[in-house]
Amino acid sequence: MKYLLSFLLVFALTISYSISQIRVEPMFWWTGMKNPELQLLCYAPKIAESEVLLKYDGVNIDQIIKTSNPNYLFINLKIEPNAKPGSFAINFVKAKKTVFSYNYELKARNEKRKPAKIDQSDALYLLMPDRFANGDTANDNISTLLDKYNRTDPYGRHGGDLKGITDHIDYFKDLGVSTLWINPVLENNMPQASYHGYAITDFYKIDERFGSNADYVKMIENLHQNGLKVVMDMVANHCGSYHWWMKDLPMANWVNDSAKYGMCNFRASTLLDPYASKFDYDKNNRGWFVPSMPDFNQENPLVAKYLIQNAIWWIEYSNIDGIRMDTQPYAEKNFMAAWAAAIEVEYPNYFIVGEAWLNKPSFVSYFMKSAKNWDGYSSNYGHVFDFPLHFALKDGLNEGSSWDKGLVRLYDILCEDYLYTNAFDLVTFPDNHDTQRFFSMINEDYGRFQQGMVFSFTTRGIPMIYYGTELLMTSDNAKGDGDKRKDFPGGWAGDQTNMFTAAGRTGKIADAYNLIQTLLKWRKENPVVQYGKLKHWVPNDNVYVYARYDEKKTVLVIMNNNEKDQVLQYERFSEILSNFKSAYDVLGQKNLSDLKNIAVKAKTAIILELK
Ligand code: CA
């Protein structure tokens, strides 16, 4: 009896110890993946001293990898095509005793679920979940999470969450966007300024202030049922300094040594510069983004595998339709290409857009897949953001006309489209969560705003807008990043105005919303503006004219950023205009019978459907 009791006691201790002390990532996986390999990161006290035992048909241990830290074991599994969905115990045995045990599940893939296609027919809407809407005040503070609710602090947590997004599905649909790009939602258990989500402290967990993993899946299902797609914001360059492994790294070179490389020099040009010094290249690649974000060493194959599997896990688990990769050129470039290639294997033609924040097309084009690069590099990224056009739009609208200034900037940047694998796959945007608010960039001039929006939704590429741009939100450079990410008015109970409703939008804000809504709805119905060819004319006197055309339709866009009304010189545009007799003015909602004297008011853009 005494023996039995002590046996039970030991047994009970072992079980509770095992369950609470072992961490295995990915927590579960799937059968039927194209790549049969799976690498498990196992973390528990002195786990490397144990032997790994598992028995499951179609699952074999390929390799056990130990590191300098005995608290980690990496298990390479091979999952054969005949492996059936189910669970099996992975036992960690020391001196014939199971010291840890983990019940590993291989789930069945949902064959009916296929990522939706995202292309030029789409329009993206970027939102920051902490700042969009607070759908559940019960999760505003979580006892285990350090950064507490403080809506008065621009860098504090404001309480927005996944439910706040789901609550406003009708708003997205009414506005006319097709796809949400949601800023990072994984746990950021940092002591301060954690609201933006880029300092991840657990790569497999939704931040509880936003909701649970199950809530995330439910939100995506809900958005899909409403015809909306989702792009997940991912970060493969760094983690947060409060990530659980920072207290006990798997090995010294898991992250790059900040004592040696210091901070990043933010010179992504070093990746494509034929004359780059090793010092500068390393500093871009291995320097830390900020002191609170340790820089991953993706040249360590264990780190690379961890990040690649993590991305695939989220696609398979949550059915997201695309990925926006943060800081694309600051991660090791061959890793980045391997990461995108691994996703392509499982999900052909998957939408991946990289944040290659550079100011020249010759720089940005390097980061698009199959670019004709001098060193043969291909990023395997189908899409990158069009930063050069973003800068040109801002400067072009703010300037008077000269040889190389004003709207000529838009023309000049588009002339360089030949550098891109496919410029129509660029994601265009007037502003984002890191820039000044577009309305502030253009000195709160509504005429410039109107032209900027018309341009954004009618030039080539996949357009993206940032939440609040449709509400003429402003930002003050002196107030820092928090001010670019103000709360959506009406997203919080008790807000004085509710701009989710038409009644809450008045004056110029109503004009801006209605303009964008009109443009989005018209664009959706006009494939010519999505996929059609582009022809443009060199701007004169700050008047920029371009056509989008296909076999069925021709649309002429005229931006007049001149202080005076203008009439087009028919002869210059007759190669297009001579094929038509009249036009429909989309924004003015009127017919135009005289194409020889097309007039455009000062500081205005018009869209003409040629008939
Ligand atoms: Ca909340």
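Since this is a predicted model, take the numbers as computed values, not measurements.

## With respect to the state of the cysteines
Reasoning step 1: Inspection of the entire model under this criterion finds 0 disulfides.
Reasoning step 2: Here Cys239 stays free of any disulfide, with the sulfur of Cys264 as its closest cysteine sulfur at 15 Å.
Reasoning step 3: What makes Cys239 buried here is its relative accessible area of 0%.

## Topic: helix α9 (residues 333–346)
Reasoning step 1: Relative to the 20 Å expected for 14 residues at 1.5 Å per residue, α9 spans 21 Å between its end C-alpha atoms, a close match to the ideal helical length.
Reasoning step 2: Taken together, the buried positions of α9 are occupied by Lys333, Phe335, Met336, Ala337, Trp339, Ala340, Ile343 and Glu346.
Reasoning step 3: For α9, the N-terminal cap is Glu332; the gap from its side-chain oxygen to the backbone nitrogen of Asn334 is 3.3 Å.

## Section: the confidence of the model for the protein chain
Reasoning step 1: On average, residues of the protein chain score 95 in pLDDT, and 97% of them are at 70 or above.
Reasoning step 2: Contacts for the low-pLDDT stretch residues 1–19, under 50 throughout, to residues beyond four places or in other chains number 7 contacts.

## Notes on the coordination of the calcium ion
Reasoning step 1: Every protein donor of the calcium ion is listed here as Asn134 (OD1), Asp136 (O), Asn139 (OD1), Asp140 (OD), Gly159 (O) and Asp161 (OD), and their distances to the metal cover 2.3 to 2.5 Å.
Reasoning step 2: The sequence pattern formed by the donor residues of the calcium ion is N-x1-D-x2-N-D-x18-G-x1-D. For the pair Asn134 and Asn139, one class covers both residues: buried.

## Observations concerning the pairing of strand β6 (residues 72–79)
Reasoning step 1: A large share of β6 lies buried, amounting to 7 of its 8 residues.
Reasoning step 2: Two successive antiparallel strands, strand β5 (residues 59–66) and β6, enclose a turn made up of 5 residues.

## Observations regarding the sheet that holds strand β3 (residues 37–43)
Reasoning step 1: Overall, antiparallel pairing links the 4 strands, which are arranged β1-β3-β6-β5 in an open sheet. Strand pairing shows two members of the sheet lacking a second neighbour, β1 (23–25) and β5, which therefore form its edges. Averaged over neighbouring strand pairs, the angle between their axes works out to 25 degrees when direction is ignored.
Reasoning step 2: The sheet contacts of helix α8 (residues 301–318) involve β1, β3, β5 and β6, and relative to β3 the element is tilted by about 105 degrees.

## Concerning the sheet that holds strand β8 (residues 97–107)
Reasoning step 1: The strand order β2-β8-β7-β4 describes an open sheet built from 4 strands, whose pairing is mixed. Each of the sheet's edge strands pairs with one partner strand only, and the pair in question is β2 (28–30) and β4 (51–53). Each adjacent strand pair in this sheet contributes to an overall mean axis angle of 30 degrees, direction not counted.
Reasoning step 2: As paired elements, β2 and β8 share 3 bridges and run parallel to each other. Looking across to β8, one finds that Trp29 is bridged to Leu106.

## A word on the packing of aromatic side chains
In this description, a pair of aromatic rings is defined by centroid distance and the angle of the planes.
Reasoning step 1: Tallied over the full model, the rule gives 59 aromatic pairs.
Reasoning step 2: Ring centres of Phe132 and Tyr467 lie 6.3 Å apart, and the angle between their planes is 85 degrees; this geometry places the pair in the edge-to-face category. Of this pair, Phe132 sits in helix α2 (residues 129–132) while Tyr467 sits in the loop between β18 (462–466) and α15 (507–525), placing them 335 residues apart in sequence.
Reasoning step 3: Look at Trp313 and Trp314: their rings are 4.9 Å apart centre to centre, the planes differ by 85 degrees, and that puts the pair in the edge-to-face class.
Reasoning step 4: Classification of Trp313 as buried rests on a relative accessible area of 0%.
Reasoning step 5: Look at Trp314 and you get buried, because its relative accessible area is 0%.
Reasoning step 6: When the ring centre of Trp244 is taken as reference, the NZ or CZ atom of Arg23 above it lies at 4.2 Å.
Reasoning step 7: Over the aromatic face of Tyr195 sits the side chain of Arg131, whose NZ or CZ is 4.0 Å from the ring centroid.

## Notes on the environment of Glu187
Reasoning step 1: With respect to the element layout, Glu187 can be found in strand β11 (residues 186–187).
Reasoning step 2: The spacing of Glu187 and Gly197 is 10 residues in sequence and 7.4 Å in space, taken between C-alpha atoms.
Reasoning step 3: There is a polar contact of 2.6 Å between the side chain of Glu187 and the side chain of Thr201.

## Details of empty space enclosed by the protein
Reasoning step 1: For the structure on display, the rule yields 4 cavities of 30 Å³ or more.
Reasoning step 2: Size it by volume and the largest cavity reaches roughly 90 Å³.
Reasoning step 3: Taken together, 14 residues make up the lining of the largest cavity; nearest its centre are Phe203, Met234, Val235, Ala236 and Asn310.
Reasoning step 4: Those elements that provide at least two residues to the lining of the largest cavity are β13 (229–234) and α8.
Reasoning step 5: Residues of the lining of the largest cavity, tallied by class, amount to 12 nonpolar, 1 polar and 1 charged.

## Some remarks on the packing of helix α11 (residues 387–398) against helix α12 (residues 408–415)
Reasoning step 1: Running from amino to carboxyl end, α11 crosses α12 at an angle of 165 degrees, the nearest separation of the two axes being 8 Å. As far as their axial angle goes, α12 and α11 are roughly antiparallel. Crossing angle aside, the handedness with which α11 passes α12 is right-handed. Contacts between α11 and α12 involve Pro388, Leu389, Ala392, Leu393, Asp395 and Gly396 from the first element and Arg409, Leu410, Ile413 and Leu414 from the second.
Reasoning step 2: Looking at the contact of α11 with α12, its residues break down into 7 nonpolar, 1 polar and 2 charged.

The rules behind these values
Residues numbered from 1 in each chain as written. Predicted model: local features only at pLDDT ≥ 70, side-chain atom pairs only at ≥ 80, totals over all residues. Heavy atoms only, no water. Disulfide = S-S within 2.5 Å. Buried < 20%, exposed > 50% of the residue type's maximum accessible area, 1.4 Å probe, protein only. Helix = DSSP H or I, 4+ residues; strand = E, 2+ residues; numbered from the N terminus. Expected span 1.5 Å × (residues − 1). Polar contact = N/O pair within 3.5 Å; in protein donor to acceptor, adjacent residues only side chain to side chain. pLDDT = per-residue confidence, 0-100. Contact = heavy atoms within 4.5 Å. Donors = N, O, S within 2.8 Å, 3.2 Å for Na, K, Ca; no water. Pairing = 2+ DSSP bridges. Axes fitted to C-alpha atoms, helices over the stretch in contact; angles between N-to-C directions. Phe/Tyr/Trp six-rings, centres within 6.5 Å; stacked < 30°, edge-to-face > 60°. Lys NZ or Arg CZ within 6 Å of the ring centre and 35° of its normal. 1 Å grid on protein atoms, 1.4 Å probe; cavity = no way out; pocket = protein on both sides within 12 Å on 5 of 7 lines; lining within 4 Å. Points joined across faces, edges and corners; volume = space filled by probe spheres on them. Nonpolar A, V, L, I, M, F, W, Y, C, P; charged D, E, K, R; others polar. Parallel < 35°, antiparallel > 145°, perpendicular 65-115°, else oblique. Left-handed = near helix turned anticlockwise from the far one by under 90°.

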